[in-house]
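Per-entry structural report
One letter stands for each residue in the lines below.
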Amino acid sequence: PYGLDVGARLADLAEAGFTTDEPELIDWTLSLDPSAVRRLYATYSNVTALPEDERERLLGGLEKVAETEFEGVVTRNMTTSVYTGRRE
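Digging into the packing of aromatic side chains
Taken as a whole, this structure holds one aromatic pair when the rule is applied. Measuring from centroid to centroid gives 4.7 Å for Tyr 41 and Tyr 44, while their planes differ by 45°, and the two rings are tilted. For Tyr 41, a relative accessible area of 25% puts it in the partly exposed group. Directly above the aromatic system of Tyr 2 lies the positively charged group of Arg 9, at a separation of 3.6 Å from the ring centroid.

Pasting the structure below:
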């Protein structure tokens, strides 16, 4: 939501002294197999902070949900926000 709030981000850049170009919002799809789901969530700070046994139980559960509830492919719609500008 932060990066998608175009008005607020352009205002932040203007306040910092930048002249901005038109922002670009790039929509794309991320598809993950169960092991990729596990690897992705294993990088999240709230997951890495867990005790090892709890972390492994959570990651195993996520991998199982991806396999059984999502038929082996978790698809997420993503948007990347690109803001460019220059100081005058």
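A short note on unusual backbone geometry
At Glu 71, a residue that is not glycine, the phi angle is positive and equals roughly 55°. Counting through the fold element by element, Glu 71 comes out in the loop between helix H4 (52–68) and strand E3 (74–82). We classify Glu 71 as exposed; its relative accessible area is 74%.

Considering the pattern of salt bridges
Once the charged atoms of two side chains with opposite charge are near each other, the side chains can pair. Considering all chains together, one arrives at four salt bridges under this definition. Two residues, Asp 12 and Arg 9, come together in a salt bridge whose shortest N-O distance is 2.7 Å. Here Asp 12 and its partner Arg 9 are both found in helix H1 (residues 6–15), three residues apart, which amounts to about one turn of the helix. Residue Asp 12 is classed as partly exposed on the basis of its relative accessible area, which comes to 36%. Judged by relative accessible area, Arg 9 falls into the buried class, the value being 13%. Residue Arg 86 is joined to Asp 21 by a salt bridge in which the shortest nitrogen-to-oxygen separation is 3.1 Å. A residue pair is termed long-range when its members are at least 10 positions apart, and Arg 86 in strand E4 (residues 85–87) and Asp 21 in the loop between strand E1 (18–20) and strand E2 (24–32) qualify at 65 residues. Arg 86 sits in the partly exposed class, given a relative accessible area of 42%.

What counts as what
- Residues numbered from 1 in each chain as written.
- Predicted model: local features only at pLDDT ≥ 70, side-chain atom pairs only at ≥ 80, totals over all residues.
- Heavy atoms only, no water.
- Phe/Tyr/Trp six-rings, centres within 6.5 Å; stacked < 30°, edge-to-face > 60°.
- Buried < 20%, exposed > 50% of the residue type's maximum accessible area, 1.4 Å probe, protein only.
- Lys NZ or Arg CZ within 6 Å of the ring centre and 35° of its normal.
- Helix = DSSP H or I, 4+ residues; strand = E, 2+ residues; numbered from the N terminus.
- Salt bridge = Lys/Arg side-chain N within 4 Å of Asp/Glu carboxyl O.

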